[in-house]
Amino acid sequence: MTSGARSANFAEAQAKNQASYDELPYVSNAFPQTHPARIAAIARLFSLEMPPLDKMRVLEIGCASGGNLIPLAAAYPEGRFLGIDLSGIQIADGRRRIEALGLTNIELRQQDITFFENPGHRFDFIICHGVYSWVPEPVRQAILEICSKYLEFQGIAYVSFNVLPGWRPKQILRDALLAHVGQISNLRERTAKAREFMGFLAEHAPPGPYGTALKEGVAQLQKVADDYVAHEFLELENTPCTFHDFMYAAGQHQLAYLGESDLHMMVPENFGTEAAKALRMLGGNTLLETENYIDVLTGRTFRQTLLIPPARAAATKRNVNPQRIEDLHLIADVTEVPSTVSDMPYCFESRQGRQIRTRIEAVRRAFELIAARRPATSNFRQIVADLDAAGDRLTRQDQDEIRGALLQGVLSGLIVASTAAIAVGSADAERPKASVLTRKDAESGRTRTVTRRHENFDLGVVAQHLLPAMDGSRSRADLLEHLKTKASEDALYFQRNGQRVTDADDIAVCAEEHLAATLDIAWRNALLEP
């Protein structure tokens, strides 16, 4: 960095930034969309080969307390993981978790991004989530410089940022809250004062576009935690930018565009046939300009962009061939629903309301298998083998239809694709086994862990006591006794109709009910190992 980048004003801004995150740390979560296996699947769809994940090197810039990085280190013991963050409080918390888990393949450093030390090697994946828009310009430049300098040729960098013009209405609320909290320096006080003011805005905002922006923004903030309000809306720095400006900055650092981690947002046809034609025309059938117009059309507020070396971009094939779906592992939370299209009698819908329709019975059966296998993944070859074993005589045309439908599901956001398979243990197993990460997190008193799908999972009281015992050595009967013992020791208690259960027989019944429920929840959330 230049001496100007390390001026007194910049040093003061960095000190304030560190203090704010030490004072009110972000809840450090896992972000499924940053998982290397999901990012690698997007690369593979675009005909780019990726190195095996088992020995990958991953850097996370702005790792907080490692909520995203530590589960990756636990899942890939032969990989190497480095996280850096300005907040010493958060780094210390992450190190305690690493020690409790006994991990030796991960390091968390308290470090200013602009003083990044050469690690002596490059990285297969660089992740920077929720940092770029919230730091001064020299730090943004440092982020891109690190990605350029330390990314392997076959590597991918993930950088998220607030994007214009969609973020502009949120700026109205940010400006209003900042004007109200004024010069209050204590972040918790700033947040409390902002919360109070939100009630006034919700009740008295005037009619019209300005008032609507305020009311909608307040309604969203009233649903989120203080850490999000504080760091998203009350920090000194929040600089959204257009996709065009971001890619210009990336290009200055010899970084090229691969795509978005939310792949479906790249497909104009997902916004309607006529809109797709207009988007392609307005964008001159060029990738970056079309992406810019998608932002304008959709009002997207947040991008999760994947960057690669320019020489690598030249090998990218964006006309995706359905054959590329064959080696990917797929998961979808879908339900068959009545179709509203007469010549497409079969329809599957996700929880987000996305749909796929077909008239092909083989495609219907394939989606039934994917839905039935969840929370485990499926893949094309497995689906075909299972349909053949079940007596379905699949023709070559049937297989082509299944490939095409699976690809359509991925491109529409109905299906999540990954290069890593997920197998999940049964809730009915005689000796159920929770993942090591889950057991250790519960044992150490943490109220949240991460599933084998890299999703956050809140641990209830019963789960906190039960999961540490689920190491595969105890039978269901043993686990039932374990719960009953915990209840007798007053480590936990059961309630019915708001009243504590005290009768021994009733406690036994409650323990059995909670055991069955916890095992079912653990299975559905991919916490159980095969």
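Just so you know, these numbers come straight off a predicted model, no measurement behind them. (Residues numbered from 1 in each chain as written. Predicted model: local features only at pLDDT ≥ 70, side-chain atom pairs only at ≥ 80, totals over all residues. Heavy atoms only, no water.)

## What about the overall build of the chain?
For the chain, the count of helices and strands is 20 helices and 17 strands. Its C-alpha radius of gyration of 25 Å places the chain within 12% of the 24 Å reference for a compact globule of 530 residues. Evaluated residue by residue, the chain yields a buried proportion of 50% over its 530 residues. Summarising the internal contacts of the chain: among those between residues at least 6 apart in sequence, 73% fall at separations of at least 24. (Helix = DSSP H or I, 4+ residues; strand = E, 2+ residues; numbered from the N terminus. Rg over C-alpha atoms; globule rule 2.2 N^0.38 Å. Buried < 20%, exposed > 50% of the residue type's maximum accessible area, 1.4 Å probe, protein only. Contact = heavy atoms within 4.5 Å.)

## Quick notes on the layout of surface pockets
By volume, the second largest pocket is sized at about 840 Å³. Y26, F31, H129, G130 and V131 are the residues nearest the centre of the second largest pocket, which is lined by 40 residues in total. When contributions to the lining of the second largest pocket are tallied by element, the ones reaching two or more residues are α1 (8–23), β2 (80–85) and α9 (226–233). (1 Å grid on protein atoms, 1.4 Å probe; cavity = no way out; pocket = protein on both sides within 12 Å on 5 of 7 lines; lining within 4 Å. Points joined across faces, edges and corners; volume = space filled by probe spheres on them.)

## Looking at the packing of helix α14 (residues 361–373) against helix α16 (residues 396–411)
Across the interface, α14 lies against α16 with an axial gap of 9 Å and an inter-helix angle of 50°. As judged from the angle between their axes, α14 and α16 are oblique. Judged by the sense of rotation from one axis to the other, the crossing of α14 with α16 is right-handed. Across from A362, V363, A366, F367 and I370 in α14, the residues of α16 making contact are D398, E401, I402, A405 and L406. Considering only residue class, the contact of α14 with α16 consists of 8 nonpolar, no polar and 2 charged. (Axes fitted to C-alpha atoms, helices over the stretch in contact; angles between N-to-C directions. Parallel < 35°, antiparallel > 145°, perpendicular 65-115°, else oblique. Left-handed = near helix turned anticlockwise from the far one by under 90°. Nonpolar A, V, L, I, M, F, W, Y, C, P; charged D, E, K, R; others polar.)

## Thoughts on the pairing of strand β7 (residues 256–260)
Of all 5 residues in β7, 5 are buried; the element is thus mostly enclosed. The pairing of β7 with strand β8 (residues 302–308) spans 4 bridges and is antiparallel. In the strand pairing of β8, G259 is matched with L306. (Pairing = 2+ DSSP bridges.)

## Let's talk about the state of the cysteines
What the rule picks out here adds up to 0 disulfides. Free of any disulfide, C128 has its nearest cysteine sulfur in C147, 6.7 Å distant. Looking at C128, the relative accessible area reads 0%, which means it is buried. The closest cysteine sulfur to the non-disulfide-bonded C241 is located on C128, 12 Å from its own sulfur. (Disulfide = S-S within 2.5 Å.)

## Some words on the environment of S185
Following the sequence through the fold, S185 ends up in the loop between α6 (168–181) and α7 (187–204). Owing to a relative accessible area of 66%, S185 belongs among the exposed residues under this scheme. In contact with S185, other than residues within four places in its own chain, are E23 and R190.

## Quick word on the pattern of salt bridges
A complete count under the given rule lists 36 salt bridges for this structure. E274 is paired through a salt bridge with K277; the nearest N and O atoms lie 3.8 Å apart. In this pair, E274 and K277 both sit in helix α11 (residues 273–282), 3 residues apart, roughly one turn of the helix. Take K277: its relative accessible area is 53%, and that puts it in the exposed class. A salt bridge links R303 to E291; the nearest nitrogen and oxygen atoms lie 2.9 Å apart. Note that R303 is positioned in strand β8 and E291 in helix α12 (residues 287–298), a separation of 12 residues in sequence. Note on accessibility: R303 and E291 belong to one class, buried. Taken together, the shared-partner salt bridges connect E336, E361, R364, R365, E368 and D392 into one network. (Salt bridge = Lys/Arg side-chain N within 4 Å of Asp/Glu carboxyl O.)

## Overview of the confidence of the model for the chain
Per-residue pLDDT for the chain averages 93, and the proportion of residues at 70 or more is 98%. Counted against residues more than four places away or in other chains, residues 1–5, with its pLDDT under 50, gives 7 contacts. (pLDDT = per-residue confidence, 0-100.)

## Thoughts on the sheet that holds strand β12 (residues 355–358)
Spatially, 3 strands are ordered β10-β11-β12 in an open sheet, and the strand pairing comes out antiparallel. At either margin of the open sheet sits one strand with a lone partner, and together these are β10 (334–338) and β12. The sheet shows a mean angle of 30° between the axes of neighbouring strands, direction not considered. In this sheet, strand β11 (residues 346–350) lies alongside β10 in antiparallel orientation, the contact comprising 5 bridges. In the sheet register, T335 faces β11, and the bridge partner there is E349. Against the sheet, α14 contacts β10, β11 and β12, and its axis sits at roughly 30° relative to β11.

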